[in-house]
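# Observations on the model geometry
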Amino acid sequence: MAASLLRRDKKATAAHLKADLNRTDNSSGLRQLQELLDNVLNPEKPPSDTEALDWCKYLLAGGDGFEEFCKTVRSYDNATLCGLVWTANFVAYRCRTCGISPCMSLCAECFNNGDHTGHDFNMFRSQAGGACDCGDSNVMRESGFCRRHRLKTGENVPSVPNDLLLMSEMVLPRFIISIIQYLRDGYTEPESATDRDLQKVLQQLEPQISFLEDLTKMGGAMRTVLTKILTNQQIFKELSMGQEENLYAKRNYEKYLSALKNSGLVSVEEKGSAGAGAGAADSPAGAGALSLLGATAAASPDEENKEEDQDGGQCVGQRKRVKLSSSTKDPSIMDSLKHKCFLEELLFWTIKYEFPQKMVTFLLNMLPDQDYKITFTKTFVQHYAFIMKTLMKSHESDTMSNRIVHISVQLFSNEELARHVTEECQLLDIMVTVLLYMMESCLIKSELQDEENNRHVVVNCGEALLKNNTYWPLVSDFINILSHQSVAKRFLEDHSLLMLWMSFVSFFQGMNLNKRELNEHVEFESQTYYAAFAAELEACAQPMWGLLTHCKVKETQEYTKTVVRYCLETLQIWFDAISFVDEPAPNQVTFHLPLHRYYAMFLSKAVKCQGLDLDSLLPDQEMLMKIMVHPLQIQASLSEIHSNMWVRNGLQIKGQAMTYVQSHFCNSMIDPDIFLLQVCASRLDPDYFISSVFERFKVVDLLTMASQHQNTVLDAEQERPMLEGALTFLVILCSLRIHMGMTDDEILRAEMVSQLCMNDRTHSSLLDLIPENPNPKSGIVPGSCSFEEMLSAVADFKAPVFEPGGSMQQGMYTPKAEVWEKEFDPIMVILRTVYRRDVQSAMDRYSAFLKQSGIHTGNPWPPYKERTPLHPCYRGLVRLLHCKTLHIVIFTLLYKIWMDHQNMSEHVLCMVLYLVELGLDNNMQEDKEDEEPCIEEHCHDSWFPGTSLLSNLHHVINFVRVRVPETAPEVERKRERERERERETPPSTSAETSSFGQNLREAQLFSLVAERRRKFQEIINRSNHEASQSVRPKSSSRWHPPGSPPQMVTEILEIRESMLSLLVKLHQKLSAKQNSLSAGWLEEADPARHSHGDGITAIERILAKAASRSRHSKRCLQEICGRVCPPVPPKKNSPGDKKSMDKEERRQRARERQQKLLAEFASRQKSFMETAMDVESPEAEAAMDVGSAEPLESEVLYDCVICGQSGPSTEDRPTGLVVLLQASSVLGHRCRSDEAKRLPTSDEERIFPEDTCGATNDVRLALMQRYFIDSSCLQAVSIGWDGGVYVQTCGHTLHIDCHKSYMESLRNDQVLQGFSVDKGEFTCPLCRQFANSVLPCKPGRGTEAGAWHTLSNKSPATLVKEVENLQDELGIFPVSTYTESNLTKEMESVIKDIKNATQKKYMDYGKNPGSPDNDFLFMYSVARTNLELELVHRGGNLCSGGASAAAKRSCLNQLFHVLAMHMRLYSIDSAYNPWTRLTQITQNREPEYGDEDRPEVPMLFRDVPSLLIIFVLTMPQPLRKEHFTCIVKVLYTLQYTQALAALSVKFSPEERLAWSNTGAAKKNMPNSEKSWETLLSHVISELTKAKCTYESRSEESMLSSSVWSPQSIEFTLQQFCLPFLRLSCLLQHHLYGDNLPGCPLEEEFSLLISCLGLLPGPTQSSSSMSSSAACLEWNVGAFELLSQWCSELISLAGTPSQQAMTLLVQDPQWTAPHLLQLPDNYNTIFQYYHRKSCSVCNKTPKDPALCLVCGAFVCLKGLCCKQQGICECVLHSQHCGAATGIFLLINASVIIIIRGHRFCLWGSVYLDAHGEEDRDLRRGKPLFLCEERYRVLEQQWVSHTFDHINKRWGPHYNGL
């Protein structure tokens, strides 16, 4: 039965079956269909057999064509969502204004059809793929929907007729099971299979899966059917097992079962064994991180053990097995999967096959169906653990990660759905458990603190899992679902989950431990820190920020409390595990303390947003002391790293220190750390805290009053930076308010100001540098104020200025003046700088501002800034500034600086003063009784009487006991004094326990710290004094000769100073005046005045503040200032004790000297650059023609820039100009219209290249060559419009032999140059301008001078005769052509260079290539090209006058010489000499038809400027000026006649008649030869004789209805002759050095004719429209000559050549060359071109590019369009620009320039609203055309200066 069906026509069968099935009793139809399908979809057929697919298509359509069926189904589409699925690299849009979820994205069509004007949107290239969310109100606001999805289309769609999809419901289940069977069959376990096998199976299934994908695109109706089939459990049961008798199906079902076996988290084999041991608490696997969770672990009976890793054997010691407590409510995650429907099994295979793109797209295409969406999401969650396992095994984890996220982001961004799955499927449990399992695979024992007994385990950052970021998709899903409030709340309420999560975070606590190398440099620098920082940011910090967003209001207090409680518990567990007591292990640091940071951030939120009381969340003092240790260790290590104490660990440790503070990490790392330290400082005893800081920073030994000391832990050169580090840290700690009272807006402002102060910033870099809460939902920066408002408040926008040097400036923001004045905060800058040089840069900018605004001229100190008041909870922080320990340190340091001890610096003083001032500004509230003066006697007990800084400032300290080496100067100095004092005991001033008789003060207060180890909570001031007696063994100090270290002895110093008096003395010292502060100074002191300035100002400000806050201080100050007696300068202590202040000054002076030298050097360099090269400013007028300044008769002397000698250019040793020869098609791209052509941006627009100058000239030449003799054609026009050779020079000369040796040395130079020496390229040895040839200078005088200039009064006729005779002489060149001299050789080699500079096709225009005629044409065209280009550079006319813009760099004179010498080889056959035809009436010469039966080109068709150049170049050099003028006059008559003829063609027949008659009437008047009317009428009457002349044109002239007036005719004639006159004038300027006067545009004509001497007698420049005919000088009768020229045309009449009559109309006027006109908005270009297919290969190019000269669309680097190994861009640049191409890369918005064999990136002409480029469209912001930049690009193209201005060139090897 089935067999007979199979043989029948498919369409008919389908129709017949459909009819059968539609009956009420359809059993026979069903049976037939089943049999047919058994046969068609037989799984044993290879899947590549397309027969089955065809059958399915016909069956589904049930007798119709498949296409019509699709259409019909589509008409029932009821979908309201777009749901378009795209894969990687697709261009999509994201609008933050319309998005609810941050992952929202739109396809281009929906975006362009919606209204997003003024929104914050950007275009992006999808990395992982995605789907369009248009129409989904869960993800975006409805206002952003496009027109199509705004209407709820579902309502008005008719319901689907029953029978339409009937066949689909029958056939598709069978089709799907057949796909599944192929997948089962193809799958082999990865051990045996390679990835290749899996790929093969997938390739074969390609058509089937594509067919499914096409079905999903048929719209809602078909998706509903598919959903039914995919989710129906009954159908699955029936089909999945296969029928009994079918062996094949059975076999692949078994394969499927075995594949399922290991899909749970725990493999089957382990289940049995684990069950036994799980009950025993001490099972060997139990010793791991999670068993520390105690109760939780023991409580779960179903503990499983993860399978051993394959490499478990090798590193058993390294890796302790860690057991996981699966306290999940849903044990099913542990078990193997069980499938109940097709969808589940399809997803299973999708995962097994590592997410093939087609399958992913099919599964996602179904999502618009709601039922499907829910079922699919549940299925996805059910397979989550399995996905993780597959991902970890995968070799292509990157691709797979992208595909996973492609799916999950569609499911989890939707809050409804996420909440639903969280409730129904325990999504959160599953995710956390899966993450834990994943990280478990790479745990190692932590070595932090106690290496031996450490029980803590951390992740190993070297493992692939972390190194390759494999965990990324799972973490990203987790972050995504935490962004939904409902889900996050469930998470925060579930304590066991939180506990699990904390244990997950603790895996990262202390990872990537650094141990300081003390001896050798490390052999191998590990780069694991990248992985560590990425892991902490992504796996710990981002989920934390996600949770924090939901803890913003009072109602959520409980959540915060819970998290804080668990943080503390986990921290306690961690301290126990690493067996930490109170001291950190030396020389180790880890930057990763996520637990500390969780704790800190939740504390901060609790106080800031939820109004919780801080103390209720803090642990006891002991715990706080522990918590503070590790963050403090990091701060000290940062300082150590910057002090080069970790150099032996390599560069990577610096990398870590930088990453820790870098903008993307700082608010998840350093900010919480500092905040936590601030919290500890505000709650712990301040003396304890301060002493801990100095101990951590290892500078305790330094803080002694003695001038010398020994330091056990630091080298001498590290002491200063470490001390600076400790003080700076304290200043930051006391003044930073980020978490302690600043509002979000204030924080944003401070961040912005600090970044702008370091450097001017572009908008995008600023956005990037401002640490934003890395919480994925915050599209806008938190706080009421937006980024833009804040930016405009603090900064000014500097528009992108353009430097002609070619470096493109971006639009920058720079701080406003008042910001520098009031808000510049050096402390914030120090905190935020990644590189230390940025701090310096900020200070330099600050001092520049102060100088400029006249506030302060010297070297300013960092300004002191008032702080935001502290939040009441943190008031305790102020106690740090008011504790005796800090005051002792301040006192000691002030003393040491005053005494010039070692290792003190300006920065130390600056920070000390900063601390003093902070203390004065943050006074303790209880200091009210300060006003009564303290009685000195009461304060015997200690250094200082109380803790208040104000009262301690004026407290005098008399004696201090110090411990010094016995060699110290103090010992000798005190010997005598001690003898005197032995009897009297000084006032006892030691610690409280005076019973010890220790009544001398101990300066080395910090040896007390040793005591702290014993009595942990003892507060420092009460501690016992004995400890200080036990001297620690000291290592030999640096300044002592090697040998035994000197004994330490105790000495007593007499000091008798207070802090105030020390400040006054330092003021004197800094200002270098004895009594710098007079007694009355305080009266006029005003602290406000002193906000900016140097150290002197700072001290004055502090003293003024102290005086104003306390009467006692004021009194003491007046007293001190009153003792004007000059203080004795401290004696120089010992030679070893370098005066560091002097050192600073010396350094300062050296620096100033260096600056001066540099400035001088720069100005010299600048003046040199100005004289040497004008590349940058073509306007610079320098009327120095080569050598024109020399006296007339003497020879020109040239300087050789290589050997430096000066001398004339001689035959034997010629000198040459450094030149660059390049082919150019700029002239050829000129058009007639002034408007530049527009770039097409739609299919309707086109660009027509036919109207360009190059095309017109080609057509003209081709037409001539058809009808006239080739040799005469080749002299009748110029070529070189396209591919002409342009010669330019930098003006420097060198001996040609020197140049050769220079080239040799370049060739041997191994350095990579940007040019190719083998092609003769080099850079000018003097100005480094790019060049590729040397143009020999002719010997002798410069410009033709003297006799050659004098105009004799010969008659025109004589001159004409002389010219003719000169032409007949075979050029008697100054050098006879036959002797080979060096000069002639060089000239020939230059000619060769010129020919090589362009391509062959631009030289061969003749019938027989390589003929002399051809060569001749090419040579004179080179001259023409250079003259024409110079005209273009002058703006297309000579009105500007003056020397050539490139005068001193013009090489036309030399070029003419070389060309003339070369052309002398060709004499013009006198029979054909055009001169005779111009100046004589030949007796009725019959047109001699040559062998080719073609006439010569008539004179009226010839190009007059070409004739001029030919004459000048072929006559003997030097040419007398009178002869030159004669040639010009004669040619002018021809040019004028051509003008008349061309004009006459434009008339209508009536006008022609009228003008002919008026002219004829005047013919007999005198001077009629100089009146255009008579001449015009003569031309008309002559040309009318040949009928063909005017006939062809009649239709055209009818169109122009304008009436010709005499003025308009005169104007037209002048315009026609102008190009010839300009060229002649320019030529005269170069040959004879005449200068060109300037004039207004309308007087140009009269100016030129007077310059050229065409007007006899004085010029009447007053009549601006001087008659153009008045300049004519006819050598013979005008009318006869005209008749003769016209007769040449008339004789063509009856012949085929009459076609050539159109050549009569020529228009020599061309406008300046332009690049295409670009649209204002870049999106217009991008949308049209980025999907456009290439015209050559019809594919969409991967890198499309546009030629900006002609608009061609090409594939950059595309192999598809390669020809003979050359890619399309390079090919096009040769074809369109003679090897110069300007291309806009569509996908990158940048322009590349191709020049010959090199290319460079030029930059972009499209900038965003902030004046920035967006290379590669990374930011995707809207871009707009920057006219200024585009003009510069065009200018560089026209002036051929790409090579000089752009510096970064590289070879392209034809690969672009």
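What counts and what doesn't
Residues numbered from 1 in each chain as written. Predicted model: local features only at pLDDT ≥ 70, side-chain atom pairs only at ≥ 80, totals over all residues. Heavy atoms only, no water. Helix = DSSP H or I, 4+ residues; strand = E, 2+ residues; numbered from the N terminus. Expected span 1.5 Å × (residues − 1). Buried < 20%, exposed > 50% of the residue type's maximum accessible area, 1.4 Å probe, protein only. Pairing = 2+ DSSP bridges. 1 Å grid on protein atoms, 1.4 Å probe; cavity = no way out; pocket = protein on both sides within 12 Å on 5 of 7 lines; lining within 4 Å. Points joined across faces, edges and corners; volume = space filled by probe spheres on them. Nonpolar A, V, L, I, M, F, W, Y, C, P; charged D, E, K, R; others polar. pLDDT = per-residue confidence, 0-100. Contact = heavy atoms within 4.5 Å. Axes fitted to C-alpha atoms, helices over the stretch in contact; angles between N-to-C directions. Salt bridge = Lys/Arg side-chain N within 4 Å of Asp/Glu carboxyl O. Parallel < 35°, antiparallel > 145°, perpendicular 65-115°, else oblique. Left-handed = near helix turned anticlockwise from the far one by under 90°.

What follows covers helix α56 (residues 1412–1433). Look at α56: 32 Å from first C-alpha to last across 22 residues, which is about the 32 Å you get at 1.5 Å a residue. Counting buried positions along α56 yields 19 of 22 residues, so the element is predominantly enclosed. One or two positions beyond α56, positive phi appears at G1435, with a value near 95 degrees.

A large share of strand β16 (residues 1215–1224) lies buried, amounting to 10 of its 10 residues. Bridge analysis of β16 against strand β17 (residues 1284–1295) gives 9 bridges, and the strand direction is antiparallel. Within the sheet, the bridge partner assigned to L1221 lies in β17 and is V1287.

Counted according to the given criterion, the structure contains 14 cavities of 30 Å³ or more. Its volume calculated, the largest cavity comes out at about 130 Å³. Taken together, 16 residues make up the lining of the largest cavity; nearest its centre are L41, D49, A52, Y182 and Q208. Sorting the residues of the lining of the largest cavity by element identifies α4 (51–61), α8 (166–186) and α9 (195–216) as the ones contributing at least two each. Ranked by residue count, the leading element in the lining of the largest cavity is α8, at 4 residues. A per-class count over the lining of the largest cavity returns 10 nonpolar, 4 polar and 2 charged.

What follows covers the confidence of the model for the protein chain. Summing up the model confidence of the protein chain, the mean pLDDT is 79 and the portion of residues at 70 or higher is 79%. Averaged over each element, pLDDT in the protein chain is lowest for helix α14 (residues 295–299) (32) and highest for helix α32 (residues 670–683) (96). Contacts of residues 927–941 to residues separated by more than four positions or lying in other chains number 19 contacts, the stretch itself having pLDDT below 50. The model gives residues 1173–1193 a pLDDT under 50, and that stretch makes 32 contacts with residues more than four places away or in other chains.

Strand order across the open sheet formed by 3 strands is β17-β16-β20, with antiparallel pairing between neighbours. Each edge of the sheet is formed by a strand with only one pairing partner; in this case those strands are β17 and β20 (1333–1336). The average undirected angle you get between the axes of adjacent strands in this sheet is 40 degrees. Note that β16 and β20 share 4 bridges and pair antiparallel.

In total, this model carries 61 salt bridges according to the counting rule given. Here R683 and D615 are joined by a salt bridge, their closest N and O atoms 2.6 Å apart. Separated by 68 residues along the polypeptide, R683 in helix α32 and D615 in helix α29 (residues 614–617) bring together distant segments of the chain. Residues joined in a network through salt bridges with shared partners are E866, E917, D921, R1101, K1105 and R1109.

Packing of α56 against helix α59 (residues 1504–1514) leaves a shortest axis separation of 10 Å and a crossing angle of 110 degrees. In this view, α56 runs roughly perpendicular relative to α59, as classed from their interaxial angle. Note on packing geometry: the crossing formed by α56 with α59 is right-handed. Between α56 and α59, the contacting residues are F1416, Y1420, A1423, R1424 and L1427 on the first element and P1505, S1506, I1509, I1510, L1513 and T1514 on the second. Partitioning the contact of α56 with α59 into residue classes produces 8 nonpolar, 2 polar and 1 charged.

Right, let's talk about the sheet that holds strand β4 (residues 121–125) for a bit. In sheet architecture, strand pairing relies on hydrogen bonds along the backbone and comes in two forms, parallel and antiparallel. Reading across the sheet, the 3 strands line up as β3-β2-β4 and stay open at both edges, with antiparallel pairing between neighbours. A strand with exactly one partner marks an edge of an open sheet, and here the two such strands are β3 (106–107) and β4. As defined by bridge partners, strand β2 (residues 91–95) adjoins β3 across 2 bridges and the pair is classed as antiparallel. In the sheet register, A92 faces β3, and the bridge partner there is C107.

This paragraph deals with unusual backbone geometry. Note on backbone geometry: most residues besides glycine have negative phi, and most peptide bonds are trans. One non-glycine residue, Q426, lies in the positive phi region at around 55 degrees. Position of Q426 among the secondary structure elements: in the loop between α20 (415–425) and α21 (427–440).

Here we take up helix α65 (residues 1606–1632). In this model α65 runs 37 Å from its N-terminal to its C-terminal C-alpha over 27 residues, within 8% of the 39 Å that 1.5 Å per residue would give. Burial analysis of α65 places 21 of its 27 residues in the buried class, which makes it a mostly covered element.

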